[in-house]
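Structural features, examined
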Amino acid sequence: MSTIDDLSEDLQVQATFLKDREPVYERMLALFAEAIRGEFGTRLGTLWAGRAFNSRYERPLLLLAAIRYDALCEGEAHPLHGPLSEGSTRLDAVTRDAFIAALSPTRTRVEHVLRERVVQTNETTRAVTWLWPAHLLWSAGERRSIAVVDLGTSAGLNLVADDLPALWVDDHEAPIPLEPRPSVALRLGLDLSPLDVGRTDDAMWLRACVWPNDRSRLARLEQAIGAFTSRAARGDAPTLEACSLPEAPRRLSSLPEHLFVLCVQTIVRDFLSAEQRAMYEAGMREFLLKRPACSALVAELEVDPSSLNVPPRSATLVFRFACGGGGMNEMVMARTHPHPRQLFIDADALKAFADAVSLIRP
């Protein structure tokens, strides 16, 4: 999917999804649908020339975040500052004139974002995808230090989520056990375009990718930025490297064999083309099979298209690891929301994982 082909349909799909969730954004998407039929559509085609988008929601969310970013940077003088910076359900603040002014060709920040940026939310509730498996490894007897590798890391904030409050519960509302865990010897984030929260622009872009009314999510983002900054000041911040996902398995193969490598993939599959995804998955399988026995695990949180009508269970948490003899284990451990707070854990899979690890542990 490229340039602005079929963009009207994507705008409508996203507007339907945002109805009652983010009314200001729903209104703006309707205005975008009008704008792309005129001068802005021509300009957008030029800005997106050579770019490719693989998910239905990426282009609409990039358009929204671009204007919110401009509003956050400019402050009160921006024509849509109120509804986009403070969060509001007042649709009368999103007038057609204000919207057109926000899309003016003179707004170079908007054009730069649309040409160069990608949507990067760095949702830290997804860190349960490594915190919980790390605890399960400990419970199964794993005592080696681990290397946590976040694939598609954005700014690496999930890698410091153990410095944030634990929010996750099971289907009975009981806290998910996350400790004890093996010690973390290495925190590595791989991303095609990693963000640096020490840079004002990058931190502002992360804020812009959070919806205006989602104040709890924004508060957790600020906590995570603070945690990362504190680690950087101490000299033990995660290492972030520019690396595409198809190239990630080669980078992983260079990690020390004495470490247990815990790879985390959270809501990145939709951003890959079919070819990129095939290369990535084949490379990860090869990486797992070539590692020493029971020394690597991939924990993957991705949306399940067949369960979108049940949001609390619309994503699956899957574990993948080599089981010896050239075989692979793939276990659906839990169902949850793409922004996990509650995990619906499969008790049979939990036992099967513990049994499998105990059999192949060195």
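Quick note: structure is the one above.
Residues numbered from 1 in each chain as written. Predicted model: local features only at pLDDT ≥ 70, side-chain atom pairs only at ≥ 80, totals over all residues. Heavy atoms only, no water.

Moving on to the nonpolar core. Counting residues in each nonpolar core, the largest one holds 91 residues, and the members touching the most others are M28, F32, L114, W132 and F353. With nine residues, the top contributor of residues to this core is helix α4 (residues 58-74). Each residue touching F32, except ones within four places of it in the same chain, is listed here: L11, F40, L63, L64, I67, F99 and L103. Of all hydrophobic cores here, the second largest spans 19 residues; its members include L245, V261, M284 and V298. (Core = buried A, V, L, I, M, F, W, Y, C linked by side-chain atoms within 4.5 Å. Buried < 20%, exposed > 50% of the residue type's maximum accessible area, 1.4 Å probe, protein only. Helix = DSSP H or I, 4+ residues; strand = E, 2+ residues; numbered from the N terminus. Contact = heavy atoms within 4.5 Å.)

Right, let's talk about the packing of helix α1 (residues 7-18) against α4 for a bit. Relative to each other, α1 and α4 sit at 75 degrees, their axes nearing to 8 Å. With respect to each other, α1 and α4 are oriented roughly perpendicular. Judged by residue contacts, L7, D10, L11, Q14 and L18 of α1 engage R59, P60, L61, L63 and L64 from α4. Among the residues forming the contact of α1 with α4, the class breakdown is seven nonpolar, one polar and two charged. (Axes fitted to C-alpha atoms, helices over the stretch in contact; angles between N-to-C directions. Parallel < 35°, antiparallel > 145°, perpendicular 65-115°, else oblique. Nonpolar A, V, L, I, M, F, W, Y, C, P; charged D, E, K, R; others polar.)

Counting buried residues in strand β5 (residues 260-266) gives seven out of seven residues, a clear majority hidden from the surface. Here β5 shows two buried faces, one formed by F260, L262, V264 and T266 and the other by V261, C263 and Q265. Pairing of strand β1 (residues 146-151) with β5, which is carried by six bridges, proceeds in the parallel orientation. Among the inter-strand pairings, A147 is bridged to a residue of β5, identified as V261. Alignment of β5 against strand β6 (residues 296-303), held across six bridges, turns out to be parallel. Following the sheet pairing, T266 is matched in β6 by L301. In this region the chain leaves β5, passes through helix α12 (residues 274-290) and returns to the parallel neighbour β6; the handedness of that crossover is right-handed. (Pairing = 2+ DSSP bridges. Right-handed = clockwise from strand over helix to strand, strands pointing away.)

A few words now on the sheet that holds β1. A sheet is described by the order of its strands in space; here nine strands give the open sequence β2-β9-β8-β7-β6-β5-β1-β3-β4, paired in mixed fashion. The sheet is open, and its two borders are formed by β2 (169-170) and β4 (239-242), each paired with just one other strand. By the bridge criterion, two bridges tie strand β8 (residues 327-336) to strand β9 (residues 342-345) in an arrangement that is antiparallel. The partner of A334 across the bridge, within β9, is I345. Along the sheet, helix α13 (residues 347-360) contacts β6, β7 (315-324), β8 and β9; its crossing angle with β8, the most-contacted strand, is approximately 145 degrees.

Quick look at unusual backbone geometry now. Look at the link from E179 to P180: it is a cis peptide, with omega at 0 degrees. Here P180 lies in the loop between β2 and β3 (184-191). If you check the backbone angles, D20 has positive phi at about 70 degrees while not being a glycine. Position of D20 among the secondary structure elements: in the loop between α1 and α2 (23-35). Backbone geometry places E173, a non-glycine residue, at a positive phi of 70 degrees.

Before going further, it helps to spend a moment on the packing of aromatic side chains. In this structure the tally under the stated criterion is nine aromatic pairs. Judged by centre distance (5.8 Å) and plane angle (80 degrees), the rings of Y57 and F271 are edge-to-face. With Y57 in the loop between α3 (39-47) and α4 and F271 in the loop between β5 and α12, the pair connects residues that are 214 residues apart, well separated along the chain. One aromatic cluster in this structure is built from W132, F319, F321 and F353. Sitting above the plane of the F17 ring, R21 keeps its charged end 4.0 Å from the centroid. Above the face of the W138 ring, R143 is positioned so that its terminal group lies 3.6 Å from the ring centre. (Phe/Tyr/Trp six-rings, centres within 6.5 Å; stacked < 30°, edge-to-face > 60°. Lys NZ or Arg CZ within 6 Å of the ring centre and 35° of its normal.)

None of the figures reported here should be taken as evidence of function without further support.
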